[in-house]
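# Close look at the chain arrangement
As a plain string of letters, each chain reads:
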Amino acid sequence: MSGRVVIVGGGVAGATTALVLGALGMKVTLLEREKMPVNGPPFCHLHAGGNLYREIPDAQCLTLLRQSIGFARLFPFAIDARPTLFAIPKEDPGSVETMVRRLETLREAYRKMVEEDPTNGVLGPPDAYFRLFDKSELLALRERRGGEPLDEAQRWLLAVSKQLDLERLKFPLALVREYGINLFRVSAGLALGLKGLAGVDVCYGALVTGIHRREEGGWQIVFERDGKRERIEGAYLVNAAGFRSGLIDDMAGYRRKRLVEFKAAYVCRWEAPGEQWPEIVFHGERNTPRGMAQFTPYAGGHFQLHGMTPHITLFREGLAASTGNSAQPPLPAPFIEKIERGWPERIVRERTRAAIDYVARFLPAFRSAETASAPLYGAQQVPGEDISLRAADVSFEKEGYVRCEIVKVSSVIDMVEAIQEDLVKHGLLLEAVPVLEMENPMAHLPESEIDQRAERIAVMRGYPARMGEILVPCQTCLQTAYSTEETA
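A brief structural summary. (Residues numbered from 1 in each chain as written. Predicted model: local features only at pLDDT ≥ 70, side-chain atom pairs only at ≥ 80, totals over all residues. Heavy atoms only, no water.)

## Notes on the overall build of the protein chain
Which entries qualify depends on this criterion: Counting from the N terminus, the helices are DSSP H or I runs at least four residues long and the strands are E runs at least two residues long. The reference for a compact globule is 2.2 Å times residues^0.38; the radius of gyration itself is calculated from the C-alpha atoms. In this scheme, a residue with accessible area under 20% of its type's maximum is buried, one over 50% is exposed, and one in between is partly exposed, where area comes from a 1.4 Å probe on protein chains only. Residue contacts are defined here by distance: any two heavy atoms, one from each residue, within 4.5 Å place the two residues in contact. For accessible areas, the Shrake-Rupley method is used with a probe of radius 1.4 Å. Any residue's cover is judged against the shown protein chains and nothing else. As used throughout, the charge tally considers Lys and Arg to be positive and Asp and Glu to be negative, leaving His and the chain termini uncounted. Here the site of a charge means NZ on Lys, CZ on Arg, CG on Asp, or CD on Glu.
Of regular secondary structure, the protein chain possesses 12 helices and 21 strands. Whereas a compact globule of 488 residues would reach a radius of gyration of roughly 23 Å, the protein chain reaches 22 Å, a difference of no more than 12%. Each of the three principal axes of the protein chain carries a C-alpha extent, and together these read 75 × 50 × 40 Å. Each of the 488 residues in the protein chain was classed as buried or not, and the buried ones make up 57%. Residue pairs in contact within the protein chain that sit at least 24 positions apart in sequence constitute 72% of those at least 6 positions apart. Of the roughly 19800 Å² that the protein chain leaves accessible, carbon and sulfur atoms contribute 49%. Computed over 59 positive and 64 negative side-chain charges, the inter-centroid distance for the protein chain is 5 Å.

See the structure below:
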């Protein structure tokens, strides 16, 4: 048995782990049951401060800020540099003052990060991290007929100001440099980056059916691929199976408390008035009839919608917890059916229309939007018993077994650095290397190749090809990635 690392699951966690360890010269086998990497629940947001989640403490927000900056530096080609507008409806009990205090805390933390290391400045100047707009400013934009040129923030709100129902919102609104993440481009970058690593063997279409601890140490993993049964041995096993992580725990003989939640976001097309739109988040209380609404723009007039209510993004009985008999939460069969076989068209239309109408409470013209494709959906694991947890990364067992337990994709760097430290303890890696100080195998991938692969992945998964495009490339992210590469 060699010092091979076997990774079960090729989502963002597993594929990034394979990429980093492969770049360090380790022998890695990645087992992924689908035909491409990154097939988990949808993600669309950098979470550079965790502002979508009012319920989490400041400490988690600060962790997400730091992690998001690292993620943008690792995946610069996947970052969409359009800001996010945060609004609190009048019907919501949330406080504008509380939102602003948190933004001020985050801005100061970002300022310190940039002062310590200028390459952290991927969100632009710290002073511009957020900007507040009162009602009179939006009315002035709405009524504008030429005159003085607009600054960058005003240009982002020009179209919005003409469409928002301002009477339903508390003021001020906050325009924040919370950028987007394009999941199809993350998938493309990881697929291409892994392909270029000689020591990494990626086995797509591999279904793990058995895991055995060897008496002499290490693991034997049994899997099926193309109708054949195969085995592989490794000194170290990484469980990156996402919402199925409990099944791998059960095979390996471990117990771990976790939650699994099925969620969906809906894809529509809208002939949006105006040239550019930010993402918009209307705050609300989770899992109530007035939960948060999220409006995310993509290229080609496509929009991704969340409504954190039981009738849109969340589902009744869509949250399951592990039991004493198994580490795998028993998600009801209808959700497994959706994950493995897709959705009935009637349900797609009904839920997408509900999402459109939900956002249209604040953007009345948006009612003309139409369903564009199947939803983006999947099940998300959350370690422990707190469904509000957002900043999590990894847990270990003694026998060279690790679970990747990220809740947000931005946590992958902390996760893989912790895995490196554990590999050093097991004598399988000479020294741990900070991920952002390594040569990034994806940094010099041709942009045209990422574009083509991302669009192809979108179509293969049943979504419009243009969802693989970036609206606004993050030039600061790209410059940081290349300058770091040149000085490494």
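## Concerning unusual backbone geometry
Note that the residue after Phe171, namely Pro172, is joined by a cis bond; omega there is 5 degrees. Along the polypeptide, Pro172 turns up in the loop between helix 5 (152-163) and strand 6 (173-176). Although it is not a glycine, Val38 adopts a positive phi angle of roughly 65 degrees. You can see Val38 is positioned in the loop between strand 2 (28-32) and helix 2 (58-74). Judged by relative accessible area, Val38 falls into the buried class, the value being 4%. With phi around 60 degrees, His47 is a residue other than glycine that occupies positive phi space. The topology assignment puts His47 in the loop between strand 2 and helix 2.

## Observations concerning the sheet that holds strand 2
What counts is decided by this rule: A pair of strands is treated as paired once DSSP finds two or more bridges between them. Whenever a helix is involved, its axis is fitted only over the stretch in contact; in every case the axis is a line through C-alpha atoms, and angles between N-to-C directions fall within 0 to 180 degrees.
One open sheet holds the six strands; their spatial order is 8-2-1-12-21-20, and the pairing between them is mixed. Looking at the sheet topology across the chains shown, the edges are occupied by strand 8 (200-204) and strand 20 (394-397). If you compare each strand with its neighbour and ignore which way they point, the axes differ by 15 degrees on average. Where strand 1 (residues 5-8) meets strand 12 (residues 236-239), four bridges bridge the pair, whose relative direction is parallel. Directly across from Val8, in strand 12, lies its bridge partner Asn239. Lying over the sheet, helix 1 (residues 12-23) contacts strand 1, strand 2, strand 8 and strand 21 (401-404), oriented at roughly 165 degrees with respect to strand 2.

## Notes on the pairing of strand 9 (residues 207-213)
Where strand 9 and strand 10 (residues 219-225) come together, six bridges link them in antiparallel fashion. By the bridge assignment for strand 10, Arg213 is matched with Trp219. Counted along the chain from strand 9 to the antiparallel partner strand 10, the turn is five residues long, and its residue Gly217 has a positive phi close to 105 degrees.

## Quick word on the pattern of salt bridges
The criterion, for reference: For salt bridges, the criterion is a side-chain nitrogen of Lys or Arg within 4 Å of an Asp or Glu carboxyl oxygen.
With the rule as written, the count across this model stands at 34 salt bridges. Ionic pairing is found between Glu152 and Arg177, a salt bridge with its closest N-O pair at 3.3 Å. Taken as a pair, Glu152 in helix 5 and Arg177 in the loop between strand 6 and strand 7 (180-181) lie far apart in primary sequence, 25 residues in all. Residue Glu152 is classed as partly exposed on the basis of its relative accessible area, which comes to 42%. In this structure, the salt-bridge partner of Glu216 is Arg214, at a minimum N-O distance of 2.3 Å. For Glu216, a relative accessible area of 57% puts it in the exposed group. Salt bridges sharing partners connect three or more residues here, namely Asp249, Arg256, Arg258, Glu397, Arg403 and Glu405.

## Topic: the state of the cysteines
The line we're drawing: Disulfide assignment relies on a single distance test, namely cysteine sulfur atoms paired within 2.5 Å.
The final tally for this structure, using the stated rule, is one disulfide. Here Cys474 engages in a disulfide with Cys477; their sulfurs sit 2.4 Å apart. Looking along the S-S bond of the Cys474-Cys477 disulfide, the torsion reads about 65 degrees, which is the right-handed sense. Cys477 shares its class with Cys474; the two are buried. Cysteine Cys61 shares no disulfide, and the gap to the nearest cysteine sulfur, in Cys44, comes to 17 Å. Since its relative accessible area comes to 0%, Cys61 is described here as buried. Cysteine Cys404 remains unbridged, with the sulfur of Cys203 as its closest cysteine sulfur at 17 Å. The class of Cys404 is buried, set by a relative accessible area of 4%.

Everything listed here is a matter of coordinates, which is why it stays silent on function.
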